[in-house]
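Close look at the chain arrangement
Residues per chain are reported as follows:
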Amino acid sequence: MRTALAAWGLEDQIDDAVVVITELVSNAVDHGRLTSIRVVVSRPTEDWVRLAVVDRSMAVPLMRTDTNDDRIRGRGLLLVDRLTERWGTDRYRWGKQVWADLRCESAR
């Protein structure tokens, strides 16, 4: 991911992208409990980078908004929501893809 962003001249996006992909991977590992996941980094247009995690779990992630809980974990999607323009889940008959889009401006 770092290499792709650097190749696209988007070094300023690396820190946010690392946090986002870490949260998406953590959710897939924690909730999917499956042996493999796939990380996808793409640039569908000049203005967007899509970070995604694909797994075979049917469980759709939900963003927790409660603040009265003392749990340390469980609010990673709040970070994803804050750091990206949009995020969502594409469901398939065999699993899902959770994705997040970063708006970017390439170095010109």
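Residues numbered from 1 in each chain as written. Predicted model: local features only at pLDDT ≥ 70, side-chain atom pairs only at ≥ 80, totals over all residues. Heavy atoms only, no water.

**Regarding the packing of aromatic side chains**
Counting across every chain of the model gives one aromatic pair. When the ring centre of W99 is taken as origin, the NZ or CZ atom of R50, which lies over that ring, is 3.9 Å away. Geometry around W48 places R86 over its ring, the cationic atom sitting 3.9 Å from the centre. (Phe/Tyr/Trp six-rings, centres within 6.5 Å; stacked < 30°, edge-to-face > 60°. Lys NZ or Arg CZ within 6 Å of the ring centre and 35° of its normal.)

**Side note on the nonpolar core**
In this structure, L5, V20, L24, V49, L51 and V80 are the most contacted members of the largest nonpolar core, which totals 17 residues. When contributions to this core are tallied by element, the ones reaching two or more residues are α2 (14-32), β2 (48-55), α3 (76-83) and β4 (95-103). Broken down by element, this core gets its largest block of residues, six residues, from α2. Not counting chain neighbours up to four residues away, the residues in contact with L51 comprise M1, A17, V20, I21, L24, V40, V41, V98, W99, A100 and L102. (Core = buried A, V, L, I, M, F, W, Y, C linked by side-chain atoms within 4.5 Å. Buried < 20%, exposed > 50% of the residue type's maximum accessible area, 1.4 Å probe, protein only. Helix = DSSP H or I, 4+ residues; strand = E, 2+ residues; numbered from the N terminus. Contact = heavy atoms within 4.5 Å.)

**Remarks on α2**
Given a rise of 1.5 Å per residue, 19 residues ought to cover 27 Å, and the 26 Å separating the end C-alpha atoms of α2 matches this to within 8%. Of all the positions in α2, only I14, A17, V20, I21, E23, L24, N27, A28 and G32 are classed as buried. Each element contacted by the buried residues of α2 is listed here: α1 (2-7), β1 (38-45), β2, α3 and β4. The positive-phi residue at the C-terminal boundary of α2 is R33, with phi of around 50 degrees. (Expected span 1.5 Å × (residues − 1).)

**Digging into α3**
Among all positions in α3, only G76, L77 and V80 are buried. For α3, the arc enclosing every buried residue in end-on projection is 95 degrees, short of the 170-degree limit, so these residues lie on one face. As for α3, its buried residues are in contact with α2, β3 (86-92) and β4. (Arc of directions from axis to C-beta.)

**Let's talk about the sheet that holds β4**
With respect to topology, four strands assemble into an open sheet ordered β1-β2-β4-β3, the strand pairing being antiparallel. The sheet is open, and its two edges are formed by β1 and β3, each paired on a single side. Going from strand to strand, the sheet's axes swing by 20 degrees on average, the running direction of each strand aside. Across six bridges, the pairing between β1 and β2 is antiparallel. Within β2, the position partnered with V41 by the bridge is L51. Strands in contact with α2 are β1, β2 and β4; relative to β2, the strand with the most contacts, it is inclined by about 15 degrees. (Pairing = 2+ DSSP bridges. Axes fitted to C-alpha atoms, helices over the stretch in contact; angles between N-to-C directions.)

Coordinates in, geometry out; function isn't part of it.
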